[in-house]
Amino acid sequence: MSLPQPVRGTHDLLPEDFRRHAHVIETARTIAARFGYDETSTPIFEFTEVFARTMGETSDVVSKEMYSFESRNGESITLRPEYTAGICRSFISNGLQQNVPVKVFANGPMFRYERPQKGRQRQFHQIDLECIGAAEAKADIEVISVAAMILKSLGVMEHCRLQINTLGDSESRTSYRTALVEYFSDHKDNLSQDSLNRLDRNPLRILDSKDKGDQALVAEAPLFSEYLNSYSAEFFDEVLKGLDLLGIEYDLNRRLVRGLDYYTHTAFEFVTTALGAQGALIAGGRYDGLIEALGGKPTPGIGWAGGIERLAMLASNLPDGKRPIAIVPVGDVAESEASKLAYELRQAGFSIEMAFKGNVGKRMKRANKVNSRAAILIGEDELERNCCTFRDLDEGTQTEIPLKSVKQALDALG
RNA sequence: GCGAAUGUAGCUCAGUUGGUUAGAGCGCCUGACUGUGACUCAGGAGGUCGCCGGUUCGAUCCCGGUCAUUCGCCCCA
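Keep in mind that this is a model prediction, so the values were computed, not measured.

1. Remarks on the overall build of chain A
Now for step 1: Within chain A one finds 15 helices and 16 strands.
Now for step 2: For chain A, the C-alpha radius of gyration of 28 Å lies well beyond 22 Å, the compact-globule estimate for 414 residues.
Now for step 3: The dimensions of chain A, computed from C-alpha atoms along their principal axes, are 95 × 55 × 45 Å.
Now for step 4: Buried positions account for 48% of the 414 residues belonging to chain A.

2. Some points on the protein's contact with RNA strand B
Now for step 1: In the region of RNA strand B, 44 residues are neighbours, and Arg 112, Arg 120, Arg 205, Ala 280 and Glu 382 sit closest.
Now for step 2: Sugar and phosphate atoms represent 57% of those atoms of RNA strand B found within 4 Å of the protein.
Now for step 3: Arg 198 is positioned such that a nitrogen or oxygen atom in its side chain is 2.7 Å from a phosphate oxygen of RNA strand B.
Now for step 4: In this structure, a phosphate oxygen belonging to RNA strand B sits 3.1 Å away from a side-chain N or O atom of Lys 362.

3. Observations regarding the layout of surface pockets
Now for step 1: Taken as a whole, the second largest pocket spans an internal volume of roughly 340 Å³.
Now for step 2: Lining the second largest pocket are 15 residues, with Ala 148, Met 157, Gly 247, Ile 248 and Glu 249 sitting closest to its centre.
Now for step 3: Of all the elements in the fold, those that place two or more residues in the lining of the second largest pocket are helix H5 (137-154) and strand S7 (160-166).
Now for step 4: Counting residues per element, the lining of the second largest pocket draws most heavily on H5, at six residues.
Now for step 5: Residue composition of the lining of the second largest pocket, by class: nine nonpolar, two polar and four charged.

4. A short note on the sheet that holds strand S5 (residues 102-111)
The strands making up a sheet associate through backbone hydrogen bonding, with each pair oriented either parallel or antiparallel.
Now for step 1: If you trace the eight strands from one edge of the open sheet to the other, you get S1-S5-S6-S11-S10-S9-S7-S8, paired in mixed fashion. The open sheet has two edge strands, strand S1 (38-39) and strand S8 (251-252), and neither has a second partner.
Now for step 2: Where S7 lies against strand S9 (residues 264-272), seven bridges are found, and the strand directions are antiparallel. Paired with Gln 163 across the bridge in S9 is Glu 269.
Now for step 3: Running over the sheet, helix H1 (residues 15-34) touches S1, S5 and strand S6 (123-132) and is turned about 165 degrees from S5.
Now for step 4: Its contacts with the sheet place helix H9 (residues 230-246) against S7, S8, S9 and strand S10 (280-286), and it is angled at close to 160 degrees to S7.

Cut-offs used in this document
Residues numbered from 1 in each chain as written. Chains lettered and ligands numbered in written order. Predicted model: local features only at pLDDT ≥ 70, side-chain atom pairs only at ≥ 80, totals over all residues. Heavy atoms only, no water. Helix = DSSP H or I, 4+ residues; strand = E, 2+ residues; numbered from the N terminus. Rg over C-alpha atoms; globule rule 2.2 N^0.38 Å. Buried < 20%, exposed > 50% of the residue type's maximum accessible area, 1.4 Å probe, protein only. Near = heavy atom within 4 Å. Polar contact = N/O pair within 3.5 Å; in protein donor to acceptor, adjacent residues only side chain to side chain. 1 Å grid on protein atoms, 1.4 Å probe; cavity = no way out; pocket = protein on both sides within 12 Å on 5 of 7 lines; lining within 4 Å. Points joined across faces, edges and corners; volume = space filled by probe spheres on them. Nonpolar A, V, L, I, M, F, W, Y, C, P; charged D, E, K, R; others polar. Pairing = 2+ DSSP bridges. Contact = heavy atoms within 4.5 Å. Axes fitted to C-alpha atoms, helices over the stretch in contact; angles between N-to-C directions.

This is the structure in structure tokens:
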């Protein structure tokens, strides 16, 4: 077939998919608002610098997955691969340090040039929550608890587990990193090719390797807990206690890491095994060094992002859509009267389905197809008496009622 | 970026060990029922068998390439 196809890794959101997406967004938005997070939005593209500086030149996303292009005036522009960098840039651009803590929720499309798979696309959508300007562990607890409540409300909590770890402050991190590089450098011969690459770029990632040989080495590797200074250890302890207090279950995962130096302390992921290799549903952490890296004053921050496609695939409790009421004119004479009634009822807030053409049979079929709750039939007979035939499509019963009382009849359906 | 599998109607899939008009279910359209849906019955439309090339008298089927999807790796939401 040579029909036009969408660009690889992009998908159309047909109404049914769209409803699922909207449900995820609406649920997240509502719950975020309960915690005091206001909705915000930033541009879909930024200067390439914004992402290169925040995500790190050596990260996979920056080095090979960005949709970058030269704008007409020669500037390098990049379609956003994530939300955090743009929101932090916005924080600086708008002088929001005066409003600290800035608590925002956002959603929208992201772009990464990756190999598409189930739950992984080149244009995908994320919900995002950021709390900027709070260094307290209470902020970590809050941010995680918002995510937990959203997952619970979507009915996907039962399909996932919260994994959590600490990366410590930069002092703890640096000393651990040094120790790790030293340890693995002594065992280079036994490391997989992937991990040899990681040794330069991102040694902490080796802890997460799936290679059997690597895992044997990892088992003997120095433990992060031995390199955590007391502040970092106490901070993490407070976060865990806060989660315990709220009854949020978690697994301590000492291998959960983030590659870049801006990430500090808490790192967490709500992971599932239901989507193949794409396990992360909502993932985030603390990024106390990020705003500074963008050129702002040192400002702590913590947040997370969640994949809407992934969440939508697992969401189980979709609300039923509103069912329309069908208006069916019988014969040409009633056509204009029916149109007027449809307009009035829509004005009054009802969802009305009225076909553009067709005899009664066709229009009734159409009414049924769009899952109408009831049908209102108007013909010459009814008009003479200022009435209409009101048919309950679930019960299969119908009565004649005055046109005046149509609204009451519809209200009575609930 | 690497490895593997798959690709037949709008959807889910049969099928052809290479041979005239390629099938089913669902969906769609029409009618039985010109003032009544969901049920039933009868008809109908819709496919250059992903695309390009090769082998062959002949390819949807075999071979190569390509594109897309899926799975694993990498990475991540």
